[in-house]
Amino acid sequence: MSNQVIIDGPNVAHGHHTGDAHAHEHHEQHFIWKYIFSQDHKIIAKQFLITGIIWAVIGALMSVFFRLQLGFPDKTFPIMEKFLGEWAKGGKLSPEFYYALVTMHGTILVFFVLTAGLSGTFANLLIPLQVGARDMASPFMNMMSYWFFFLASVIMFVSLFVETGPASGGWTTYPPLSALKEASLGSGVGMDLWLVAMALFVVSSLLGGLNYIATILNMRTKGMSMTRMPLTIWALFFTAVLGVLSFPVLLSGFVLLIFDRNFGTSFYLSEIFIGGRALPHIGGSAILYQHLFWFLGHPEVYIIMLPGMGMASEILSTNSRKPIFGYFAMIISLIGITVLAFLVWAHHMFVTGMSPFLGSIFVLLTLLIAVPSAVKVFNWLTTIWRGNIRFTVGMMFAIGFVSLFISGGLTGIFLGNSALDINLHDTYFVVAHFHIVMGVSAFFGMFAGIYHWFPKMFGRFMNNTLGYIHFFITFIGAYLIFWPMHYEGIAGMPRRYYDYSAWESFKQFGSLNAFISVVVIVVFFAQLLFVYNFFASIWRGRKVTTMNPWGSTTLEWTTPIRPGHGNWEGDIPEVYRWPYDYKDDGNGNDFIPQTTPLRPGEEAH
C-alpha cells in the first residue's frame, strides 16, 4: 500500500482537497513505509537531518585528530591508536592518514552536512508547509533523493576502511594526484570510492533541487503569490536553482577523472614522469579540472549560505517582533548573489598562470558580489534595530550567523584581490576565511533553524539551558579557533602541512597552534552536548501545547502541532497578506498571520 496522498493537481494548487484525500490516514502504516521508505516530506526532512548530524560528528572528530597532530607534533596520544589502528601506530598519526583525514573532513562537512544535511532538511520541511502544499511535487522523487544520498553516504563511509586508506588528494581532489593510482596510497581504491560516492551525491542533489523548484512554482496555495512567499522559500528556491545549474558540471569533472584513472584517457594528464619513466599520457590539462570543479565550487558556497540567510531572515523578524526590513531588496540581493555566483569561480585560480587581464575581470566580479551580501547584512541589522527582541536559542544562533557572516566575509575582500591573493593563496588565511564564512556561519544558520523549527518537527522543545551553553561555547570557540589563523596566514604559514616544527619561521606559532587545538576539543564536546539535547528532546523535551509557539505569521504554524501526511486536516488555508505582518492586530496580539483577511480600509503590503 502506498502512503502517497492522491489529490488532483489543480485542487492542490488552490488549497482545496477531495473528500477522501485523507482516507489513507485511517489505516495504520507499517513502520518501514512510515519512517524508512517514507514519501512524507516531513519524515524525509528528519532523515536528511539525522544522517547529516551523524556525518557532522564523524567530520568534526576527524578535525580533532588532525588538530592534535598540528598542535602537539612531538607528542603521542594512545587514544588515537584505539580509534585509528594502523594509521596512528604508537598514538601518532601517519603522514598519509593525516592527508586522508583533512580530505575526508572537508568532503563530509561541505557536501554531506552543509549541502545535503542543510538543504535536504529545511527545503523538505519548510517548502510545502510555507507555500501551502500537501507535499512535494513528486514525493517518490523526493524519497529517491534521500536514498541516493544514503547510498553515497554508505560508499563514502566504506572508503574510510579500505586497506590503502580513504581518498587523500584534498577535498578538491586535484589531478594529477587524484588521477594516477600510483601517485600515493590515498589515490588508490579510496579515491575510486570517493568519486562514486560523490557522483551519487550529485544525483541526489539534482533530484531534490528539481523537486523543490517544481513545488515552489506550481503548488502554492490560493493567494500565495511569489511576492507573499517568506524569504526562507525564496532562499531555498535560489539554492535549488544554483544546484541544478552547477552540479552537472561537477559530475562531468568527476566522470572524466574516473575515465583518466581507469580507462587510459588523458583529459587531465600530460607528460607525467614517475621514477624517471614517462607515462603514455599526452594532451590533457590539470587546469581543466580546476575550472570544472570551481564552476560548482563557488556556487556551492552559496548553496550552503543561502538557506542560512533565508532562515536567519525569518528568525530575526519573528523574534524582533518587527517586519523584515526591505523585503524586495532582500529578494533582489538573492537574485544578484545567484547570478554573480556563476561568474566568480576563477578567483580560486589566480595562481594557475591565468591571464592578468582575465584575472582583473574576476576580481571585479568577486568584489561586486559583496554588494548584495552587504544589502542583506544591512537589512538584518535594521530589522533587529529597536525591535522587541526575544533572545531564544534560535535567535541567538541567527544573530551569531550574521556576526560570523560579516567577519568572515570581510576577509574575502582580501582574497578576492588577485595581487593580495597571490601571497595569501594556500596559507592559513584562506583556511580562516572560508571556515568562518562558509563553515561556521552556515552551521549557525543550521542550528538556528533546528532550534526554531524543532517544535514543528517533533512537537516538543529542545532544552533551553543546554542550548545557551551550546551557543556560547560554539560562538566564542569559533572566533578563538579561526581568528588567530589569519595572522598565521599573513606570516606565510602554508596549509595542508603535517608538521610545522621543522621550520624556524613557523616554530613561533607552536603555542598558538596548541591553543587552537585545545579550543577545538572543547568546541567538539559542546557539539556532543547539542547532539544529546537533540535526541533526548525528541522523546523527553517539553511538549508544545499551542500550534504557534513563537507567534509567527507564516503558514507552517497553522497546521496541527504534529501534522500528518497532508499537513492540513481540512482545506489548505488561503493567504491574504505578506509573511511579515508584525503589528497590532486589534486583539492584543503583535502579529497577524498570513491567513487573516485584510481589514476594511487596510492595504496589502
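Residues numbered from 1 in each chain as written. Predicted model: local features only at pLDDT ≥ 70, side-chain atom pairs only at ≥ 80, totals over all residues. Heavy atoms only, no water.

Asker: Is there a simple way to explain the overall build of the protein chain in this structure?
Answerer: Assigned secondary structure in the protein chain consists of 19 helices and 2 strands. Computed over its C-alpha atoms, the radius of gyration of the protein chain comes to 25 Å, within 12% of the 25 Å expected for a compact globule of 605 residues. The C-alpha extent of the protein chain, read off along each of the three principal axes, is 85 × 55 × 55 Å. Intrachain contacts of the protein chain at a sequence separation of at least 6 include 78% that bridge at least 24 residues. Charged side chains in the protein chain number 32 positive and 32 negative. The centres of these two groups are separated by 6 Å. (Helix = DSSP H or I, 4+ residues; strand = E, 2+ residues; numbered from the N terminus. Rg over C-alpha atoms; globule rule 2.2 N^0.38 Å. Contact = heavy atoms within 4.5 Å. Lys, Arg positive; Asp, Glu negative; His and termini not counted. Charge placed at Lys NZ, Arg CZ, Asp CG, Glu CD.)

Asker: Explain empty space enclosed by the protein here, please?
Answerer: Rolled over the atoms, a probe sized like a water molecule indicates the empty space that remains. Taken as a whole and assessed by the stated rule, the structure comprises 5 cavities of 30 Å³ or more. Along the wall of the largest cavity there are 46 residues; nearest its centre are S63, H105, L109, H435 and F482. Elements with a minimum of two residues in the lining of the largest cavity: α3 (41-71), α5 (95-113), α16 (428-458), α17 (464-490) and α19 (510-540). When its residues are assigned to classes, the lining of the largest cavity shows 34 nonpolar, 9 polar and 3 charged. As a volume, the second largest cavity reaches approximately 210 Å³. For the second largest cavity, the lining is made up of 19 residues, of which T115, S119, S205, G209 and Y212 are closest to its centre. (1 Å grid on protein atoms, 1.4 Å probe; cavity = no way out; pocket = protein on both sides within 12 Å on 5 of 7 lines; lining within 4 Å. Points joined across faces, edges and corners; volume = space filled by probe spheres on them. Nonpolar A, V, L, I, M, F, W, Y, C, P; charged D, E, K, R; others polar.)

Asker: What is the right way to look at the packing of aromatic side chains in this model?
Answerer: The description of two aromatic rings rests on the distance between their centres and on the angle between their planes. As enumerated under the stated definition, the model contains 69 aromatic pairs in all. A ring pair is formed by W234 and F238, whose centres lie 5.8 Å apart and whose planes are at 25°; its orientation type is stacked. Remark: F238 and W234 occur in helix α9 (residues 231-262); sequence separation between them is 4 residues, near one turn of the helix. (Phe/Tyr/Trp six-rings, centres within 6.5 Å; stacked < 30°, edge-to-face > 60°.)

Asker: Just checking my understanding: could you explain the packing of helix α14 (residues 393-415) against α16 for this structure?
Answerer: What describes two packed helices is the angle between their axes and the distance between those same axes. Remark: α14 packs on α16, axes separated minimally by 8 Å, with the N-to-C direction vectors making an angle of 160°. One element, α14, and the other, α16, form an angle in the roughly antiparallel class. Regarding α14 and α16, the two cross each other, and that crossing is left-handed. Its residues placed into classes, the contact of α14 with α16 shows 17 nonpolar, 10 polar and no charged. (Axes fitted to C-alpha atoms, helices over the stretch in contact; angles between N-to-C directions. Parallel < 35°, antiparallel > 145°, perpendicular 65-115°, else oblique. Left-handed = near helix turned anticlockwise from the far one by under 90°.)

Asker: Would you mind going over the pattern of salt bridges with me for this structure?
Answerer: Scanning all chains against the criterion turns up 10 salt bridges. One salt bridge connects K89 with E86, and the closest N-O pair in it is separated by 3.4 Å. Taken individually, K89 and E86 each receive the classification exposed, so the pair is uniform in this respect. K583 is the partner of D581 in a salt bridge, and the nearest nitrogen-oxygen pair spans 3.8 Å. You can call K583 partly exposed: its relative accessible area is 34%. (Salt bridge = Lys/Arg side-chain N within 4 Å of Asp/Glu carboxyl O. Buried < 20%, exposed > 50% of the residue type's maximum accessible area, 1.4 Å probe, protein only.)

Asker: Mind showing me how you'd approach the environment of N124 here?
Answerer: Relative to the helices and strands, N124 resides in helix α6 (residues 116-131). Once residues within four sequence positions are removed from consideration, N124 is found in contact with H41, I44, A45, F48, S119, M136, N142 and Y212. A distance of 2.8 Å separates the side chain of N124 from the backbone oxygen of G120, its partner in a polar contact. A distance of 3.4 Å separates the side chain of N124 from the side chain of Y212, its partner in a polar contact. (Polar contact = N/O pair within 3.5 Å; in protein donor to acceptor, adjacent residues only side chain to side chain.)

Asker: Can you walk me through the environment of I44 in this structure?
Answerer: Position of I44 among the secondary structure elements: in helix α3. I44 gets classed as buried once you look at its relative accessible area, which sits at 0%. Remark: the alpha-carbon pair of I44 and P139, spanning 95 residues in sequence, is separated by 9.6 Å. Ignoring anything within four residues of it in the chain, the contact list for I44 reads S38, Q39, N124, P139, N142, M143 and Y146.

Asker: Can you help me understand the packing of α3 against α5 in this one?
Answerer: Close contact between α3 and α5 brings their axes to 9 Å; oriented N to C, the two are set at 150°. In terms of axis orientation, α3 runs roughly antiparallel to α5. For the pair α3 and α5, the sense of crossing is left-handed. On the side of α3, the interface is formed by G52, W55, A56, I58, G59, M62, S63, F65, F66, Q69 and L70, while α5 contributes Y98, L101, V102, M104, H105, I108, L109, F112 and V113.

Asker: What exactly am I supposed to notice about helix α7 (residues 139-158) here?
Answerer: Each α-helix turn comprises 3.6 residues. Residues three or four places apart therefore point the same way. Taking 1.5 Å of rise per residue, 20 residues should cover 28 Å, and α7 covers 29 Å from first to last C-alpha, within 8% of that figure. Every buried residue of α7 is listed here: P139, N142, M143, S145, Y146, F149, A152, S153, I155 and M156. Buried residues in α7 make contact with α3, α5, α6 and α8 (189-218). (Expected span 1.5 Å × (residues − 1).)

Asker: Any chance you could explain the environment of F461 here in plain terms?
Answerer: Inspection of the secondary structure assignment puts F461 in the loop between α16 and α17. Classification of F461 as buried rests on a relative accessible area of 13%. Distance in space between the C-alpha atoms of F461 and A478 is 26 Å, their sequence separation being 17 residues. Setting aside its immediate chain neighbours within four residues, F461 contacts F454, P455, S537, G541, R542, K543, V544, P549 and W550.

None of the figures reported here should be taken as evidence of function without further support.
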